[in-house]
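Each chain is listed here by its residues.
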Amino acid sequence: MSSIGFFYTCYNEERAVNYSVDKLKQHYPDSPVYLVSEGNDFSYLEGEYESLVTSVEEDTMSPTFGITGDFWNGTFREDKNQEAILNCAQATINRLKKAVEYCKTDYIVMCDPDTLIRGQLTIPEGAKILGTKLNQLPPEFSGLNDVIQSIDGAIPINSWGAQPCVFEVETFQKAVAVLESNEGLLGRLSQKYYAIHAHDLLLPILFALVGEEEQFNPDVIECERDPQWHSKPNPLVHQFRVYYE
């Protein structure tokens, strides 16, 4: 059986984080959790659970909130916005590398505070990256794939939705090595699509660089898309915001 670690990225959603981590630990009491906050200090959780570490780091997400993504008139190509996008994307990659180092597991589940784990997850044998694949790449942004496929062995990305994202650590490390060995690649990608820093897209892009396509994850159910989510058995719930302030 593959080992699973968990990475949380959060801000100030204290009640939601407390609830999410508590439910996670009910089902995965021994699994390592690496939690990064760009706001509140959640270090108190380290005294409540085994195999859990926290860190407070730079707020890289807030500077991206006002960036508009219209292909023709969007502000995402402006220098200051490109800097914010790239800073956010690189921070996520760096934090995931630290999570991988801490967890030492075969797979990582990337969680936001609105992630609810209410059962054992099922990871298909050989799976590299799992998500919802709910988003489609608009035709006007097809240049993103031109940049991706400039890398030997890469494949295009036409749909994605890796949030919560489940990914194989070994392949993630290979993908990061490809990214880091191609200087300026992240910047070229950012010029072609306005939100490469978004977690649900950044991870599928990385995996596409090494020829791995996001697979649909039947474990996931989203509260806002399925009003019957509560009565269904899916163990990985997204958009659970009951405890958001």
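Structure's up top.
Scoring rules and cut-offs
- Each chain has its residues counted from 1, following the order in which its sequence is written.
- Only residues with pLDDT of at least 70 are given local features in this predicted model, and only at 80 or more are side-chain atom pairs given and counted; all residues enter the totals for whole chains, interfaces and linings.
- Hydrogen atoms and water are omitted, and side-chain values are computed over all heavy atoms in the structure.
- For helices, the fitted axis covers only the stretch in contact; all axes are lines through C-alpha atoms, and the angles between them, taken along N-to-C directions, range from 0 to 180 degrees.
- Numbering of helices and strands starts at the N terminus; helices are DSSP runs of H or I of at least 4 residues and strands are runs of E of at least 2.
- By definition in this entry, angles of less than 35 degrees are roughly parallel, angles greater than 145 are roughly antiparallel, angles of 65 to 115 are roughly perpendicular, and the rest are oblique.
- Should the near helix be turned counterclockwise from the far one by less than a right angle, the crossing is left-handed, whereas a clockwise turn marks it as right-handed.
- Should any heavy atoms of two residues lie within 4.5 Å, those residues are considered in contact.
- Only strands that DSSP links by at least two bridges are regarded as paired with each other.
- The cut-offs for exposure are 20% and 50% of the maximum accessible area for each residue type, with area from a 1.4 Å probe on protein chains only; residues under the lower value are buried, those over the upper are exposed, and the others partly exposed.
- In this analysis a 1.4 Å probe is tested at points of a 1 Å grid over the protein atoms alone, and where it fits but cannot get out there is a cavity; an open set with protein on both sides within 12 Å along at least five of seven lines is a pocket; lining residues have an atom within 4 Å of a point.
- Grid points are joined across faces, edges and corners, and a volume is the space filled by probe spheres set on the points.
- Here the nonpolar group is Ala, Val, Leu, Ile, Met, Phe, Trp, Tyr, Cys and Pro; Asp, Glu, Lys and Arg are the charged ones; every other residue, Gly included, is treated as polar.

Q: For this particular structure, what's the right way to read the packing of helix α2 (residues 79–103) against helix α5 (residues 185–192)?
A: Any two packed helices are characterised by how steeply their axes cross, that is the angle between the axes, and by the distance between the axes. Running from N to C, α2 and α5 cross one another at 125°; their axes reach a closest spacing of 10 Å. With respect to α5, the axis of α2 lies oblique. Note on packing geometry: the crossing formed by α2 with α5 is right-handed. In this structure, α2 contributes Gln 82, Ile 85, Leu 86, Ala 89 and Gln 90 to the contact, and α5 contributes Leu 186, Gly 187, Ser 190 and Gln 191.

Q: Can you help me understand the sheet that holds strand β3 (residues 52–56) in this one?
A: Sheet strands line up and pair through hydrogen bonds in the backbone, either parallel or antiparallel. In space, the seven strands of this open sheet follow the order β3-β2-β1-β4-β9-β6-β10, with mixed pairing throughout. Whereas interior strands pair on both sides, the edge strands pair on one side only; in this sheet they are β3 and β10 (215–216). Bridging between strand β4 (residues 107–111) and strand β9 (residues 165–168) involves four bridges; their strand directions are antiparallel. The partner of Tyr 107 across the bridge, within β9, is Glu 168. In the packing of helix α1 (residues 14–27) onto the sheet, the strands contacted are β1 (4–10), β2 (33–37) and β3, and the crossing angle to β1 comes to about 175°. Lying on the sheet, helix α6 (residues 199–208) is in contact with β1, β4, β6 (129–131) and β9; it crosses β9 at an angle near 20°.

Q: Would you explain α6 in this entry?
A: Because the α-helix completes a turn every 3.6 residues, residues three or four places apart line up on one side. For α6, the buried fraction is high: ten of the ten residues fall into the buried class. All buried positions along α6 are accounted for by His 199, Asp 200, Leu 201, Leu 202, Leu 203, Pro 204, Ile 205, Leu 206, Phe 207 and Ala 208.

Q: Just to check I follow, could you spell out the layout of surface pockets for this structure?
A: Over the atoms a probe the size of a water molecule is rolled, and this reveals where empty space is left. Volume-wise, the largest pocket comes out at about 610 Å³. In this structure, the largest pocket is lined by 32 residues; those nearest its centre are Thr 9, Met 61, Asp 112, Gln 163 and His 199. For the lining of the largest pocket, the elements supplying multiple residues, two or more each, are β1, α2 and α6. The greatest single-element share of the lining of the largest pocket, amounting to three residues, is contributed by α2. The class makeup of the residues in the lining of the largest pocket is ten nonpolar, twelve polar and ten charged. Taken as a whole, the second largest pocket spans an internal volume of roughly 190 Å³. The wall of the second largest pocket is formed by Met 1, Ser 2, Ser 3, Ile 4, Tyr 28, Ser 31, Tyr 107, Gln 120, Leu 121, Ile 123, Pro 124 and Glu 125. Residue composition of the lining of the second largest pocket, grouped by class: seven nonpolar, four polar and one charged.

Q: Where do I start with empty space enclosed by the protein in this structure?
A: Throughout the structure, instances matching the rule amount to one cavity of 30 Å³ or more. Of the volumes computed, that of the largest cavity is approximately 40 Å³. Along its surface, the largest cavity is lined by Ala 16, Tyr 19, Ser 20, Pro 113, Thr 115, Leu 116, Phe 240, Val 242 and Tyr 243. Among the elements that take part in the lining of the largest cavity, α1 stands out by supplying three residues, more than any other.

Read these as layout, nothing more, since geometry by itself doesn't imply function.
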